[in-house]
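# Fold and geometry: a report
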Amino acid sequence: MTPGSSDGKGELTAGSGSLSSVAYRSGSRTAPSLPLSLDTNGMIQRWRRPASRTFRLAVLLAGVASLLLLLLLLLQQQLLPLLPPLLSTCSWPLVSDNGVRQSGAGVPSALLWTMMRSGSRLTQHLLAAHPCTFLTEEPLRGRLIEGLNASLGVLQNFLSCRISAHPDLVTQWINGSHLNDDRVREACRAYPALCWDGALLEAMCTASCFRLVRVAAQGLSVALALLQDHSFNTHVVHLVRDPRGMISSRRDLQGGRFEKFYADGRGAFFTEEEMDVAILCQRYQHDLAVATHLTRNNPDRYTLVRYEDLALRPRVELRRLYAFLGLPYTARVATTVSKHTLGVFAVEWDEHPYATRKNSNKIVFAWRRRLPFSEVDRIQQECGDVLRAYGYRHFTRRQYEEGQDSPLMPLPPPWTASGHGHGGDDGGD
């Protein structure tokens, strides 16, 4: 059979030069011509080009999606335990890149100085919202530290990242009940061999752009001594709370109101001395004397914040504190503030004593529903000078029972002259 002929049942026809189309004739019907990609390079290229562009676009989009997912996981710190070889040499953002104020004294740091049940855990979460913060909680608690110099030495070593100088604290830091830097704790628990000597803790501490240490176990005089050492770029955030609210909170915790927490087998939280109103007010008075000295002589390195101001106006107070510490108030910080103060993101037990994600505006004066006036009057007699100094209202029985007046008043001098805190109404920010 020759090209262009058929066996009579049908006929194949082809144009000269190349087989560009095929027509099949059978009787009176003619099938439509169908294009083929077999004849010319031009046709092949025209058919391949769109498919190639689509494939490349799909690969590009998949790569972008993978990078975004990886970035999200890194931001959520989910991959950190999976990268132990990189932890000791990780490169967190440089201090200057984060907008953190630098000085010749080195990496900025802060001591959150407070007392137990003063809202210190909430304040700690809010101050540690910056992603390159290294957090240490209560290094002085539960230790046989005798004298101011011993306590001062521990704080100096932690602020200088000389953590391995205290081998007993390394184990406590990783496995204890206090909320130290979560990223390091998770990595150490997943890979214990990395953390036995404290080298990883020191590396992460050194790489940080801000170091925060919370202290509640000792008086403010230790902070006064530390501020005399100008080799540290350290600030003191002094957190106080209405003594009536603090004592009410301690009694709630000691008395077993938090039933779910006590179901874990926890014992007593406070000693008899820590529950004694007279002893508690003595600590308040001691810290008040030191705070008055600091606000007059070190106003650039010491600031006072009332828990009530922080709970009622969290964004106003946090912006002030971040500016004082030289830290940028970023969108991430603002999100953390909202999560911990609005109460809409709460995932913790409602009756957990250390829950921090609550509607802070509604719970700040909850102690007024729990303390009878007889207890309030006793605390006011023991801590009357402290209440007046920090701007807390002294109630009469009638005022207290009517419940119309806010316990919070404007801060009096010397705090107002130094720009501490906020006004005294109980409105929102």
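About the cut-offs
Residues numbered from 1 in each chain as written. Predicted model: local features only at pLDDT ≥ 70, side-chain atom pairs only at ≥ 80, totals over all residues. Heavy atoms only, no water. Helix = DSSP H or I, 4+ residues; strand = E, 2+ residues; numbered from the N terminus. Polar contact = N/O pair within 3.5 Å; in protein donor to acceptor, adjacent residues only side chain to side chain. Contact = heavy atoms within 4.5 Å. pLDDT = per-residue confidence, 0-100. Disulfide = S-S within 2.5 Å. Buried < 20%, exposed > 50% of the residue type's maximum accessible area, 1.4 Å probe, protein only. Pairing = 2+ DSSP bridges. Axes fitted to C-alpha atoms, helices over the stretch in contact; angles between N-to-C directions.

Turning next to the side chain of serine 249. When you line up the elements, serine 249 lands in helix α9 (residues 243-255). Side-chain polar atoms of serine 249 contact the side chain of arginine 117, separated by 2.8 Å. Look past the residues within four positions of serine 249 in its chain and what remains in contact with it is Arg117 and Arg241.

Moving on to the environment of asparagine 157. Structurally, asparagine 157 can be placed in helix α4 (residues 148-159). With residues near it in sequence (within four places) discarded, asparagine 157 still touches Arg162, Ile163, Ala165 and His166. Here histidine 166 takes part through its side chain, which lies 2.9 Å from a polar atom of the side chain of asparagine 157.

The predicted model of the chain averages 75 in pLDDT, with 66% of residues at 70 or higher. By mean pLDDT, helix α2 (residues 84-87) is the weakest element of the chain at 36, and strand β8 (residues 302-306) is the strongest at 96. Across residues 344-350, confidence stays below pLDDT 50; counting only partners more than four residues off in sequence or on other chains, it has 13 contacts.

Turning next to the state of the cysteines. On inspection of all chains with the given rule, the structure shows three disulfides. Here cysteine 161 is linked by a disulfide to cysteine 205, with a sulfur-sulfur distance of 2.0 Å. On the sign convention where negative means left-handed, the S-S torsion of about -70° between cysteine 161 and cysteine 205 marks this disulfide as left-handed. Pair noted here: cysteine 161 is in the loop between α4 and α5 (167-175) and cysteine 205 is in helix α7 (residues 199-207), with a separation of 44 residues, a long-range link. Taken individually, cysteine 161 and cysteine 205 each receive the classification buried, so the pair is uniform in this respect.

Turning our eyes to something else, we now look at the sheet that holds strand β4 (residues 109-113). One open sheet accounts for five strands, arranged β5-β6-β4-β7-β8; its pairing is parallel. Here the strands that pair on one side only, and so sit at the sheet edges, are β5 (133-137) and β8. Each adjacent strand pair in this sheet contributes to an overall mean axis angle of 20°, direction not counted. Relative to β8, strand β7 (residues 234-240) is paired through five bridges, and the arrangement is parallel. Opposite valine 236, over in β8, you have tyrosine 302 as the bridge partner. Its contacts with the sheet place helix α14 (residues 314-325) against β4, β6 (210-215), β7 and β8, and it is angled at close to 165° to β8.

Attention now goes to the environment of proline 299. With respect to the helices, strands and loops of the structure, proline 299 is situated in the loop between α12 (277-297) and β8. Apart from residues no more than four positions distant in its own chain, proline 299 is found in contact with Leu294 and Phe324.

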